[in-house]
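Analysis of the macromolecular model
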Amino acid sequence: MADRQETSLRFLEGTIISRGLLGESVRIVTVVGARPQFIKAAPVSRAVRQRHEEVLVHTGQHYDANLSDVFFDALDLPRPDYNLGVGSGSHAWQTGEMMKGLERVLDQEKPDFVLVYGDTNSTLAGALVASKVPLPVGHVEAGLRAYNRVYPEEINRIIVDDVSALLLCPTPTAVDNLRREGITRGVHLVGDVMYDVALANREAAKARDIGRRLNLRDGEYLLVTLHRPSNVEDRATLGRIVEALLRSGREVVFPVHPRTRKSLRAFGLWDSLQAKATLIEPVDYLDFTALLMSAAKVVTDSGGVQKEAYFFGVPCVTLREETEWMETVSGGWNLLAGTKTEDILNALDRPRPSGETSNAFGDGRAAEKIAHLLDTFA
Ligand code: UD1
Ligand code: UDP
């Protein structure tokens, strides 16, 4: 594996290293498409644009304003130079359409480098198209593994890491995961860009009054997010989760992802949940952070939300059997409860951890480090 990586990367690195050493700016195409990617790209884009040229491409995977536009506004992410408008569909269809559009963009823009984020189909499409041009790929959030291939994201991560020249790892665990797969070249521990975003926006989030508008009592409610197909597209599973929320005896606020909204309605679970919980549309990053910071606990199957709960010292109950963010589990801050009603209720009843959270996610300067690596790519 190491040799294969070595051979395919040597050629690609040559161009960039020489440009970096000459002090020239590197022309970068950044590919984003889904909610968490707009958040992750915001600080990196800002840092990268101080020294390099960036062309921002939105695949159109997320297109509702509250899953897309609101993040560009709240986080000052520049408007995309291209929106491929791909939209929703099966994995193969969606990824294929993105690839066709991205190939045209790369052909037109002739970048030196392609930057992708996380583990969505937009990440996969960006990495595959670039690696066949061939162009070097930088993967922000490289090295994550949940070690369960039932998640489409796990397949995306493995493939994207395998074709990436610059593997930008958020945590030491991610570096170790790659080492175990024989990937060591181009691997850099930079910290977590979501931690950068959390620190930079904490005060602005505190100024939001969404809790008051929703009549929530600070420190009393559960903040819920759900969108994994394995949780929300199976009636029995979603039914068990809803039952736990109803029986928790807690106030619940739940910004509902469109995939989940459809399922709750289709499975006849919406009305009973709405009778007891505050179901709202997805909110922007600052409102979400405001809700999170004042929650008693977070209940989620999101990758990013598990981490944000940890950043802000809010106990999290994760409705999955495993997580790619094992750091959050230490000290009892994140309980992997799975999806059985009783297990969720038990986890919700556990007392708040007494210890501190660790600083496993860096120092809030991951974006700067990424921009610096692009200067030299050495
Ligand atoms: C995608 C990512 C997931 C990521 C999540 C972030 C993949 C395979 N999945 O999941 O890794 O955690 O984004 O939120 O890339 N829909 C709308 N409006 C939109 C977008 C989607 O109504 O703007 C609905 C459509 O019915 C669509 C469904 O949501 O079929 C799922 O959207 P999709 O982007 O395919 O997957 P997510 O569950 O959002
Ligand atoms: N988020 C948000 N509004 C919401 C729900 C989530 O801004 O209504 C943010 C949250 O703060 C986190 C990110 O969306 O930064 C997580 O995205 P998501 O759960 O969709 O994807 P994942 O992290 O699981 O890939």
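Up top is the structure.
The structure displayed is predicted, hence computed values, not measured ones. (Residues numbered from 1 in each chain as written. Chains lettered and ligands numbered in written order. Predicted model: local features only at pLDDT ≥ 70, side-chain atom pairs only at ≥ 80, totals over all residues. Heavy atoms only, no water.)

**Examining the sheet that holds strand β1 (residues 27–32)**
- Strand order in the open sheet made by the 7 strands is β3-β2-β1-β4-β5-β6-β7, with parallel pairing throughout. Of all strands in the sheet, those bounded by a partner on one side alone are β3 (82–83) and β7 (187–189).
- Packed on one face of the sheet, helix α17 (residues 366–376) meets β1, β4 (113–117), β5 (137–140), β6 (166–169) and β7 and runs near 160° to β6. (Pairing = 2+ DSSP bridges. Helix = DSSP H or I, 4+ residues; strand = E, 2+ residues; numbered from the N terminus. Contact = heavy atoms within 4.5 Å. Axes fitted to C-alpha atoms, helices over the stretch in contact; angles between N-to-C directions.)

**Digging into the site of ligand 2**
- Around ligand 2 sit 18 residues in total, of which Arg228, Val283, Ser302, Gly304 and Glu308 are the nearest.
- Contacts to ligand 2 include histidine 227, whose side-chain N or O atom sits 3.5 Å from an oxygen atom.
- In the model, an oxygen atom of ligand 2 is placed 2.9 Å from a nitrogen or oxygen of the glycine 303 main chain.
- Listed by contribution, the elements that provide at least two residues to the shell around ligand 2 are α2 (35–49), α14 (285–293) and α15 (303–311).
- Examining the composition of the shell around ligand 2, we find that 4 residues originate from one element, α15, more than from any other.
- Here the residues of the shell around ligand 2 are counted per class, giving 10 nonpolar, 4 polar and 4 charged.
- Two domains each put at least three residues into the shell around ligand 2: domain 1 (2–192 + 362–376) and domain 2 (203–349). (Near = heavy atom within 4 Å. Polar contact = N/O pair within 3.5 Å; in protein donor to acceptor, adjacent residues only side chain to side chain. Nonpolar A, V, L, I, M, F, W, Y, C, P; charged D, E, K, R; others polar. Domains from an automatic or database assignment.)

**Observations concerning the site of ligand 1**
- Around ligand 1, a shell composed of 20 residues is seen, among which His62, Asn121, Glu153, Arg259 and Lys262 lie nearest.
- Separating an oxygen atom of ligand 1 from a backbone N or O atom of aspartate 64 is a distance of 2.8 Å.
- The contact in question runs from an oxygen atom of ligand 1 to an N or O atom on the backbone of asparagine 121, over 2.8 Å.
- For ligand 1, the protein covers 90% of the area, taking 740 Å² as the surface of the free molecule.
- Top contributing element to the shell around ligand 1 by residue count: helix α12 (residues 258–266), with 3 residues.
- Broken down by class, the residue content of the shell around ligand 1 amounts to 5 nonpolar, 9 polar and 6 charged.
- Taken domain by domain, the shell around ligand 1 gets at least three of its residues from each of domain 1 (2–192 + 362–376) and domain 2 (203–349). (Areas by Shrake-Rupley, 256 points an atom, 1.4 Å probe, with all protein chains shown as cover.)

**Brief notes about the packing of aromatic side chains**
- For the structure on display, the rule yields 5 aromatic pairs.
- Judged by centre distance (4.9 Å) and plane angle (55°), the ring pair of tyrosine 195 and phenylalanine 311 falls under tilted. A residue pair is termed long-range when its members are at least 10 positions apart, and tyrosine 195 in helix α8 (residues 193–206) and phenylalanine 311 in helix α15 qualify at 116 residues.
- A relative accessible area of 14% means that phenylalanine 311 is categorised as buried.
- Note on tryptophan 325 and phenylalanine 361: the rings are 5.9 Å apart at their centroids and 50° apart in plane angle, and the pair reads as tilted. In this pair, tryptophan 325 is assigned in the loop between β12 (316–318) and β13 (334–336) and phenylalanine 361 in the loop between α16 (341–349) and α17, connecting sequence segments 36 residues apart. (Phe/Tyr/Trp six-rings, centres within 6.5 Å; stacked < 30°, edge-to-face > 60°. Buried < 20%, exposed > 50% of the residue type's maximum accessible area, 1.4 Å probe, protein only.)

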